[in-house]
Amino acid sequence: MVMTMNWWKELKQTFTYKPNSDREGFVLEETPEERAMVKKDRPVETDQAGDANAAEEEAAKPQPKMRSRLKRPEKITGRERSEQKQTKTEEEKKEPVSAKEDQKFSQKQKNSTTDLRKPLKMYQVQEDQDPEQVSPYLEVNQKRIEEIYDIPNNKDFIIREFTIAVVPPVKAFAVFMEGMSDKTSINTYVLQPLMLFSNFQPTVDGYLIDHIEKRVLIGNQVNVHDEFEQIVAGVNFGSTAVFVEGCDQALLVETKGWEHRGIFYPVNEQVIRGPQEAFSETLRANTGLIRKQIRSAKLTTEMVKVGETTHRDVAIMYLRDVVNPKLLKEVKRRIESLQVDGIVDSGILEQYIEERPWNIAPQVMATERPDRVAFHILRGKIAILLDGSPYALVVPTTMFDQLHTMDDYFLRPLYGTFLRLIRTVAFYISFLTPGIYLAIVLFHKEMVPTELLLAIAGAREKVPFPSLVEVIIMEVSFELIREAGLRVPGAVGNTIGIVGALILGQAAVQANIVSPILIIIVAVTGLSSFAVPYYSLQFSLRIIRFAYIFLGAALGFVGIIFGLFVQMHMLSSLKSFGVPYLAPMSPTTDSTGDVLLRKPVFSWEKRPDFLNTQQERFQPNIARGWVKESSKRKRKS
Amino acid sequence: MKDKTKGVKLCVKIVCLLCLISTSVGCLGARETDQLAFVLAIGFDKAENNQQEVTITIANTLAFSSTGGSGGQNAASYETVSVKAPSAWETGNLFNSFNSRELAYMHTKVFVIGEETAKDGIEKYLTAVSRFREARGNSSLYICKGKAKDFLMNNKPVLETSPAKQIELVENTSKIIGYFPVTTVNNFLKGLKDLHSSPVAGLVGIHKTDKDEQVEKLLRETTDPLQEPYYAGAVPRTGGNKAEFIGTAVFKDDKMVGVLSGSETRTMLLLQGKLTSSMYNMTDPKHDNFNIAINLRQARKPEIRIKHEADGLKIEETVFLEGEFVAIESGENYEGIETKRQLEQAFSREVEKQAKELIAKTKEQNYGDIFQYDRYYRKELATWEEWKNLNWKEIYDQTEINIICKTNIRRPGFLRQTLPILRAEEK
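What counts as what
Residues numbered from 1 in each chain as written. Chains lettered and ligands numbered in written order. Predicted model: local features only at pLDDT ≥ 70, side-chain atom pairs only at ≥ 80, totals over all residues. Heavy atoms only, no water. Helix = DSSP H or I, 4+ residues; strand = E, 2+ residues; numbered from the N terminus. Buried < 20%, exposed > 50% of the residue type's maximum accessible area, 1.4 Å probe, protein only. Contact = heavy atoms within 4.5 Å. Areas by Shrake-Rupley, 256 points an atom, 1.4 Å probe, with all protein chains shown as cover. Lys, Arg positive; Asp, Glu negative; His and termini not counted. Charge placed at Lys NZ, Arg CZ, Asp CG, Glu CD. Buried area = accessible area lost by both parts, 1.4 Å probe. Salt bridge = Lys/Arg side-chain N within 4 Å of Asp/Glu carboxyl O. Polar contact = N/O pair within 3.5 Å; in protein donor to acceptor, adjacent residues only side chain to side chain. Nonpolar A, V, L, I, M, F, W, Y, C, P; charged D, E, K, R; others polar. Phe/Tyr/Trp six-rings, centres within 6.5 Å; stacked < 30°, edge-to-face > 60°. Lys NZ or Arg CZ within 6 Å of the ring centre and 35° of its normal. Patch = residues over 30% accessible without salt bridge, like charges linked within 9 Å, V, L, I, M, F, W, Y side chains within 5 Å. pLDDT = per-residue confidence, 0-100. Pairing = 2+ DSSP bridges. Axes fitted to C-alpha atoms, helices over the stretch in contact; angles between N-to-C directions. Expected span 1.5 Å × (residues − 1). Disulfide = S-S within 2.5 Å. Parallel < 35°, antiparallel > 145°, perpendicular 65-115°, else oblique. Core = buried A, V, L, I, M, F, W, Y, C linked by side-chain atoms within 4.5 Å.

J.: Which parts of the structure should I look at to understand the overall build of chain B?
T.: Of regular secondary structure, chain B possesses 14 helices and 14 strands. Counting only C-alpha atoms, chain B reaches 110 × 65 × 60 Å along its principal axes. With 427 residues in all, chain B has 48% of them scored as buried. Look at the contacts in chain B between residues 6 or more apart in sequence, and 71% of them connect residues 24 or more apart. Within the structure as shown, chain B displays about 22200 Å² of accessible surface, and the carbon and sulfur contribution to it stands at 52%. For chain B, the separation between the mean place of its 58 positive charges and that of its 58 negative charges on side chains is 8 Å.

J.: So what exactly am I meant to see when it comes to the overall build of chain A here?
T.: If you tally the helices and strands in chain A, you get 25 helices and 12 strands. Here chain A, with 637 residues, has 47% of them falling under the buried criterion. A separation threshold of at least 6 residues defines the contact pool for chain A, and within that pool the share at least 24 residues apart is 66%. Accessible surface, chain A as shown: approximately 32300 Å² in total, 60% of it carbon and sulfur.

J.: Where do I start with the interface of chain A and chain B in this structure?
T.: A common measure of how large an interface is: the accessible area buried when the components associate. Facing 27 residues of chain A, the contacting portion of chain B comprises 33 residues. With both chains or domains summed, chain A and chain B bury close to 2400 Å², and 61% of this area falls on carbon and sulfur atoms. The closest approach of N and O atoms between R460 of chain A and D34 of chain B, which form a salt bridge, is 3.9 Å. On inspection of chain A and its partner chain B, the count reaches 12 residue pairs in polar contact (both at pLDDT 80 or more). Among the elements that make up the side of chain A that touches chain B, the one with the highest residue count is helix α19 (residues 450-460) of chain A (9 residues). Residue composition of the side of chain A that touches chain B, grouped by class: 18 nonpolar, 3 polar and 6 charged.

J.: Explanation requested: the packing of aromatic side chains in the structure shown.
T.: Two aromatic rings, taken as a pair, are described by how far apart their centres are and by the angle between their planes. A full pass over the atoms with the stated rule returns 27 aromatic pairs over all chains. Aromatic side chains F427 of chain A and F431 of chain A sit 5.4 Å apart centroid to centroid with 70° between the ring planes, which places their arrangement in the edge-to-face category. Linking F427 of chain A with F431 of chain A, this pair stays in helix α18 (residues 413-442), spanning 4 residues, or about one helical turn. Chaining the aromatic ring pairs together yields one cluster made of F427, Y428, F431 and Y548 of chain A. Lying across the ring of F530 of chain A, R482 of chain A places its NZ or CZ 4.3 Å from the centre. K363 of chain B extends its terminal NZ or CZ atom over the ring of Y396 of chain B, reaching a point 5.8 Å from the ring centre.

J.: Got a minute to help me understand a nonpolar patch on the surface in this structure?
T.: Residues and elements named next belong to chain A. The grouping of I360, L486, Y535, F539, I543, F562, F565, V566 and M570 at the surface amounts to a nonpolar patch, some 800 Å² of accessible area in total. Contributing elements (two or more residues each) for the nonpolar patch: α23 (535-555) and α24 (557-572). Looking at which element gives the most residues to the nonpolar patch, the answer is α24, with 4 residues. By secondary structure assignment, the location of F565 is in helix α24.

J.: Explanation requested: helix α10 (residues 262-272) of chain B in the structure shown.
T.: One turn of an α-helix holds 3.6 residues; hence residues three or four places apart share an orientation. Residue and element names in this part refer to chain B. For α10, the tally of buried residues reaches 11 of 11 residues, placing the bulk of the element in the interior. Every buried residue of α10 is listed here: G262, S263, E264, T265, R266, T267, M268, L269, L270, L271 and Q272. Positioned one or two residues after α10, G273 has a phi angle of 85°, which is positive.

J.: What's the story with the confidence of the model for chain B in this structure? I'm lost.
T.: Low pLDDT means the predicted atomic positions in that stretch should not be read closely. In the predicted model, chain B carries a mean pLDDT of 87, and the fraction of residues at 70 or more is 95%. Model confidence for chain B, summarised as mean pLDDT per element, is weakest for helix α2 (residues 26-29) of chain B at 67 and strongest for strand β5 (residues 110-114) of chain B at 94.

J.: In this structure, what is going on with the sheet that holds strand β3 (residues 222-225) of chain A? I would like to understand it.
T.: Within a sheet, adjacent strands bond to each other through the backbone by hydrogen bonds, running parallel or antiparallel. Residue and element names in this part refer to chain A. The sheet built from 5 strands is open, its strands ordered β1-β2-β4-β5-β3 with antiparallel pairing. Each of the sheet's edge strands pairs with one partner strand only, and the pair in question is β1 (157-164) and β3. Averaged over neighbouring strand pairs, the angle between their axes works out to 25° when direction is ignored. Pairing of strand β2 (residues 170-177) with strand β4 (residues 240-244) involves 4 bridges; the strand directions are antiparallel. Bridge pairing in β4 places V175 opposite A241. Across the face of the sheet, helix α10 (residues 208-216) comes into contact with β1, β2, β3, β4 and β5 (250-253) while running at roughly 15° to β5.

J.: Looking at this structure, how should I read helix α11 (residues 337-364) of chain B?
T.: Its 28 residues place the ends of α11 of chain B 40 Å apart at the C-alpha level, agreeing with the 40 Å of an ideal helix rising 1.5 Å per residue. At the C-terminal side of α11 of chain B, N366 of chain B shows a positive phi close to 65°.

J.: Which parts of the structure should I look at to understand the state of the cysteines?
T.: Any covalent bond linking the sulfur atoms of two cysteines counts as a disulfide. Under the defined criterion, the tally for this structure stands at 0 disulfides over all chains. Here C19 of chain B stays unpaired: no disulfide links it, and the sulfur of C16 of chain B, its closest cysteine neighbor, is 6.4 Å away.

J.: Is there a simple way to think about the side chain of Q354 of chain B in this case?
T.: Residue and element names in this part refer to chain B. Considering the arrangement of structural elements, one finds Q354 in helix α11. Residue class for Q354 comes out buried when judged on its relative accessible area of 7%. In this structure, Q354 is in contact with L226, Q227, S263 and T267, ignoring residues within four places of it in sequence.

J.: Sorry if this is basic, but what is going on with the sheet that holds strand β7 (residues 312-319) of chain A here?
T.: Residues and elements named next belong to chain A. Judged by pairing direction, the sheet is antiparallel, and its 5 strands sit side by side in the order β6-β7-β9-β10-β8 without closing on themselves. The outermost strands of the open sheet, each flanked by one partner alone, are β6 (299-306) and β8 (365-367). Averaged over all neighbouring strand pairs, the angle between strand axes comes to 25°, with direction disregarded. One ladder, built from 4 bridges, connects β7 with strand β9 (residues 382-386); its direction is antiparallel.

J.: Sorry, what's going on with unusual backbone geometry here?
T.: Among all residues except glycine, the phi angle is most often negative; among peptide bonds, the trans geometry is most common. Residues and elements named next belong to chain A. With an omega of -15°, the peptide bond between V395 and P396 qualifies as cis. Cis peptide bonds are those with omega within 30 degrees of zero, and the linkage from S586 to P587 qualifies with 5°. Looking at the element boundaries, P587 is found in the loop between β12 (579-580) and α25 (625-636). The backbone of N612 shows a phi angle near 50°, a positive value even though the residue is not glycine. Among the secondary structure elements, N612 is positioned in the loop between β12 and α25.

J.: I'm lost on the packing of α18 of chain A against α24 of chain A in this one. Help?
T.: Two measures define how a pair of helices packs: the angle their axes make with one another and the distance between the axes. Residues and elements named next belong to chain A. At a minimum axis separation of 9 Å, α18 and α24 run at an interaxial angle of 155°. As summarised for this structure, α18 and α24 are arranged roughly antiparallel, according to the angle between their axes. Between α18 and α24, the residues in contact are F431, L432, G435, I436, A439 and I440 and F557, I560, L564 and Q567, respectively. For the contact of α18 with α24, a count of residues per class yields 8 nonpolar, 2 polar and no charged.

J.: What is the right way to look at the pattern of salt bridges in this model?
T.: Oppositely charged side chains can pair when the atoms bearing their charge come close. Evaluated as defined, the whole model comprises 49 salt bridges over all chains. Residue E178 of chain A pairs with K183 of chain A through a salt bridge whose shortest N-O separation is 2.6 Å. Note that E264 of chain B and K361 of chain B form a salt bridge whose closest N and O atoms lie 3.0 Å from each other. In this pair, E264 of chain B is assigned in helix α10 and K361 of chain B in helix α11, connecting sequence segments 97 residues apart. Here E264 of chain B and K361 of chain B have matching classes, each one buried. A cluster of three or more residues bridged by salt bridges with shared partners is formed by E330, R333, R334 and E355 of chain A.

J.: Would you mind showing me how to read the environment of G559 of chain A here?
T.: For G559 of chain A, the position within the fold is in helix α24. Separated by 294 residues in sequence, G559 of chain A and Y265 of chain A place their C-alpha atoms 44 Å apart.

J.: Even after reading the chapter, I still don't get the nonpolar core, so can you show me in this structure?
T.: As a rule of thumb, soluble globular proteins bury nonpolar side chains together. One finds V331, I335, I377, I382, I384 and L385 of chain A to be the most contacted residues of the largest nonpolar core, which totals 61 residues. Residues within four places of I377 of chain A in sequence aside, it is in contact with I290, I294, L299, M317, Y318, L319 and A383 of chain A. One finds V200, M268, L296 and I403 of chain B within the second-largest nonpolar core, a separate group that totals 43 residues.

J.: Got a minute to help me understand a positive patch on the surface in this structure?
T.: Taken together, K190, K274, K301, R375 and R378 of chain B make up a surface patch of like positive charges. Relative to the elements of secondary structure, R378 of chain B occurs in the loop between α12 (374-377) and α13 (384-388).

J.: Whenever I open this one, the confidence of the model for chain A confuses me. Can you help?
T.: Residues and elements named next belong to chain A. For chain A, per-residue confidence averages 81 on the pLDDT scale, and residues scoring 70 or more make up 79% of the total. Looking over chain A, one finds the lowest element-wise mean pLDDT in helix α5 (residues 77-93), namely 46, and the highest in β9, namely 95. For residues 67-99, every residue scores under 50 in pLDDT, and the model assigns this stretch 65 contacts once sequence neighbours within four places are set aside. A low-confidence stretch, residues 108-114 stays under pLDDT 50, and its non-local contacts, those more than four residues away or across chains, total 12 contacts.

So, in structure tokens, the structure goes:
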């Protein structure tokens, strides 16, 4: 039955005359979706269009958006329609329109607008209205907004009704979100101009919405939208939407402004030498910080929305003449493919885009330092910034990147090399020491000098536990101190470290629970793990340490070697965005050699080979021009 | 479904691996430090009735704990015990009849063998030591003048907490004075296997408090300051630790045949090329009642040439000494170029004389080649058979060995020139 009805309607449609500007020009084939849309629209049309003017009808009818785009590529569709709708509503309401406008429109539409209709009832309009589109009826829009935001239950969204001081006065209302928008901006750039300054030139020249946008609103970013989706997205992000009576479009005035942290010192990646600013929670400020470092038109920031509910912006930053296009494609593919409800922090984003979630090594590097991000972008990597997260993700990353700090680069090569060697030692100590201690004490007592062994044995003499238990007690309590120190409220936080160190260390030794030598070992291990600069890497080493403790206690050095073997394979088989995790050491690729030692700045001639960047060179062979000149002079003389 | 089987397979694999790990031999080899008694020194002696007496020094780890408490530092840091049994290896079991802990030999620093036992042959002990997994081949080996039990029981290091450290440090002094050789079990066994040269071992002993005739006699006879005729147990001294390290025990095969005194040991080390440094004292060539002290070190490895001449084989060895003045009692200006050369030559003659005496002694006492000259003779032979059947001792006894000493006193010390002090009488 329904089928035949539809069929009949379609047939009827073909015979009914309808001046449809949409269908002028070339005709494209309808897609099934469009056809469905058209079908949905039909009843409205037929009901209204029975006796009414065709042109008017066309204007009142909600437009299938995609189609209109396709059909009239050279026209600015929104504007065109708004003009028509505006006239229609004005005529319907029988409100006195300014003479000029009236004249213009009457000329244009004289023959079509011969008989005027009664204004539609509220419920009628509401029925006809496409809920996605802004209605010319202010009341409908308000109802719709209240429906979307669940006003008045939802107290965050505020509707402010007012009248625009033009002649004749037009009713309007503004919607904004409390908390995300700046109240002063709303007062000075939205309400004040609309209610007061609109009076300066009360006669509307052209279309009302145009007039308001061009001549009344003085905000720096004002957009016109006719879809609720866009408007709501804007309001959710702090903009103010202004709906005007009789306009089927709304104005979106940028009034973002929320309480946020300013740019502060880096807390977790401190350097002695170098810039002392860190990312904050504002995406735009963060991208700005990076741009401040790389003032190049080649630096591209692409924006991707992530999260069906949260709608968070993810910025992908790269140097487009350097970055490997395949890498870029892969990064974008991974981020764009995410189908998640919400991502709250870049830590979660990291877990969504890394390839081996069960491998213990971190495959994405997070940093809070803009200079570090800029440095890696210059080398051909890609930075991913999530709005609201003070950490930028840098991909791809290698283990050596994670073991470097910016201090290495900012200090002179010898100092940087020294720091790196210290950190290399710390890296090994942080996961091997307790295991090796157990292996020596349990299996390989002949390895240590006699006096040292006797000292170890003497210290352990009164300890009632096996050394494995002893080590585990200490390691666990150390982890407890660490975790508790992090979690306790600020005021108590400082004391936890002291309490932990003093009570646990001193008292445990005095109570003969652990031997003093073990305290040294645990302390050195803990110190070393703090010397590993990247927090996630620290974490992986902390966990691996326990594996080595058990291996050392069960099998001695054989176990340790066995563990190293497995760990090495795990690391070398790992890839971060296609880059081997241990590059450029394994596989050995051509690089500046800036891995374990730090070469002087003038030797950084090539970008890392494993990135396959478009530009291989970082700087010419002789980066210091003056050296060349002086050496030339020398040769001549 | 597939994933499930895969997961099960993975679990099975992991369980298998864990089982493998837990059944590995490693588990059974683990010993806590407080389960073990660390043996620092072992002494072998021959007892009456064909019994063996083994003495061991065990470290008392409690004394090494820094955490005060009860009886920590006050306890003796080591304990020496001895047991008699028909077999030296049987004693290991008997020790545990009164010792609460398993004995661990991995830190045994020194093996001391009594003189009597050494004269019977020590190979059986050493092969056992080198066979045993825990014992170290690089532990020192000393022959004790007297009984090893007495040595270990009476050895009470004054400056160190344990005999282990004492032995380490004492061996360091061998490099400074050269009065006793440092021999390890491995070295000794290697010397034994060399077929032809005689192995040597350091000599230790316990100082005798009562007056010894032999010591008295030595004291009376010694006039040349270059001579140091003492050996362990006979050093004229008062006070200090009773243990003495001086002299050499000479072996023929694995049997001890004789003893070298301190200065003879030094000469032996010099000819072997193993002397690091030593302080030499000699009578002033120009003033008989004054002495000269020179600190010398072996500048280069000795040059050894083996010549076949009409009247038989000849070995010519050149040793090089370099060093500085320590004392010139007479005030003679030996720093001058000419005088220094004279002194150097006089000193070299003295050293050569000593070396000749030592070589004569080895031939006379039938010690055999303690200088390992056979190593240089080896290249004269073509096959192992020849080498095996070589009667090196006979050749050695008949060979004329020439020692040439080249001394070079490089530095005068802080005094560049000695001028006579003007005395009242001379004015």
